[in-house]
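Reading the structure
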Amino acid sequence: MTQFALFATLLVVITAALILPGLWFGRRRSSADADRKAANLAIFRDQLGDLERERNEGNLGEADFVQAKAELQKRLLEEVDDGQAANAGPATSRRTAVLLLLLLPLLTVGAYLLLGNPQALDPVATAPQKQMTAADIDAMVAKLAARMQENPDDMNGWLMLARSYKMLGRYGEAVDAYAKAEPAIEKDPELLASYAETLAMANGKGLTGKAKELIDQALKLDPKHAHTLFLAGAAAMEAGDRKNGIAYWEALLPQVEAGSELDQMLRKGIEEMKKGG
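Because the structure is a prediction, the values reported are computed rather than measured.

The biggest cluster of nonpolar side chains holds 41 residues, and the ones touching the most others in it are Leu161, Tyr165, Ile185, Tyr195, Leu207 and Ile215. Elements supplying a minimum of two residues to this core: helix 6 (134-150), helix 7 (155-167), helix 8 (171-180), helix 10 (189-203), helix 11 (210-221), helix 12 (226-238), helix 13 (242-252) and helix 14 (261-276). Sort the elements by how many residues they give to this core and helix 10 lands first, with seven residues. Once residues within four sequence positions are removed from consideration, Tyr165 is found in contact with Val141, Ala145, Arg170, Glu173, Ala174 and Ala177.

According to the stated counting rule, one finds eight salt bridges in the structure shown. Two residues, Asp263 and Arg267, come together in a salt bridge whose shortest N-O distance is 3.1 Å. One end of the pair, Asp263, and the other, Arg267, are both in helix 14, four residues apart, so they sit about a helical turn from each other. Judged by its relative accessible area of 47%, Arg267 is partly exposed. Two residues, Lys275 and Glu271, come together in a salt bridge whose shortest N-O distance is 3.4 Å. Here Lys275 pairs with Glu271, and both are found in helix 14, just four residues apart, close to one helical turn.

What follows covers the packing of helix 10 against helix 12. Between two packed helices, the angle of one axis relative to the other and the distance separating the axes together describe the packing. Their axes nearest at 8 Å, the elements helix 10 and helix 12 cross at an angle of 35 degrees. Handedness of the crossing formed by helix 10 with helix 12: left-handed. Where helix 10 approaches helix 12, its residues Pro189, Glu190, Ala193, Ser194 and Glu197 are matched on the opposing element by His227, Thr228 and Leu231. Split by residue class, the contact of helix 10 with helix 12 holds three nonpolar, three polar and two charged.

Another point: the packing of aromatic side chains. Within the structure shown, the criterion is met by two aromatic pairs. Each ring, one from Tyr178 and one from Tyr195, has its centre 5.3 Å from the other, and the planes form 25 degrees; the classification is stacked. Here Tyr178, found in helix 8, pairs with Tyr195, found in helix 10; they are 17 residues apart in sequence, far enough to count as distant. Centroid distance Phe230 to Trp249: 5.8 Å. Interplanar angle 10 degrees. Geometry classified as stacked. Of this pair, Phe230 sits in helix 12 while Trp249 sits in helix 13; the two residues are 19 residues apart in sequence, bridging distant segments of the chain.

Cut-offs and rules
Residues numbered from 1 in each chain as written. Predicted model: local features only at pLDDT ≥ 70, side-chain atom pairs only at ≥ 80, totals over all residues. Heavy atoms only, no water. Core = buried A, V, L, I, M, F, W, Y, C linked by side-chain atoms within 4.5 Å. Buried < 20%, exposed > 50% of the residue type's maximum accessible area, 1.4 Å probe, protein only. Helix = DSSP H or I, 4+ residues; strand = E, 2+ residues; numbered from the N terminus. Contact = heavy atoms within 4.5 Å. Salt bridge = Lys/Arg side-chain N within 4 Å of Asp/Glu carboxyl O. Axes fitted to C-alpha atoms, helices over the stretch in contact; angles between N-to-C directions. Left-handed = near helix turned anticlockwise from the far one by under 90°. Nonpolar A, V, L, I, M, F, W, Y, C, P; charged D, E, K, R; others polar. Phe/Tyr/Trp six-rings, centres within 6.5 Å; stacked < 30°, edge-to-face > 60°.

See the structure below:
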């Protein structure tokens, strides 16, 4: 914010220096132009009077008088046109100058609020955030678990609790929470895959039994679902079904970033399964 404030202030000062003098002193220039115009008109009247006097005295013929008068009028018009060209452009006044002095800072602040980060001005928002400890996380999960006992029909709450337990490595409790949310899981391939993965971690028996059933259910919902294809390939490999294991992981490869760690692992696994076949 400090850099922005310095830049904005500099911008206001430079803009004011460039445009305000012309606006502020515009009235003075207008007054000078008016005085010059009045002087020109006075000279024109004097010269026209001289011409008329010479004509009346017989020193100037009528044709010469008309021609001289036309030339005099032409010079006067040229003077007027030059003065108007010098004053061409937007109307300038001290009122405009004062208005711009007031508006420039407001416009600068408005631009910052639209394009910048107003929260950077809030000391609360910019204050260092307290690091959350393992004890804090455990306390939050315990509080969520207690709330779920009071709201057993909250499917989203059970899913949140299941993910929290899984993140903490408490796989048995995660499986129980997933089981409470099964009505919300059965139509979502990602949730089914996560449930199956958690079951395998909890029972230590791999992707068999109910875990395999959940994987098959997820594949029916979305045969190209990446997480499910990975687990299906791993389950097939565990079962010695190399043909399907290769098929699942080869179907997954186009969805994986080329050259990534997962890409290399999948290719190595496919190669091993082909050798074993």
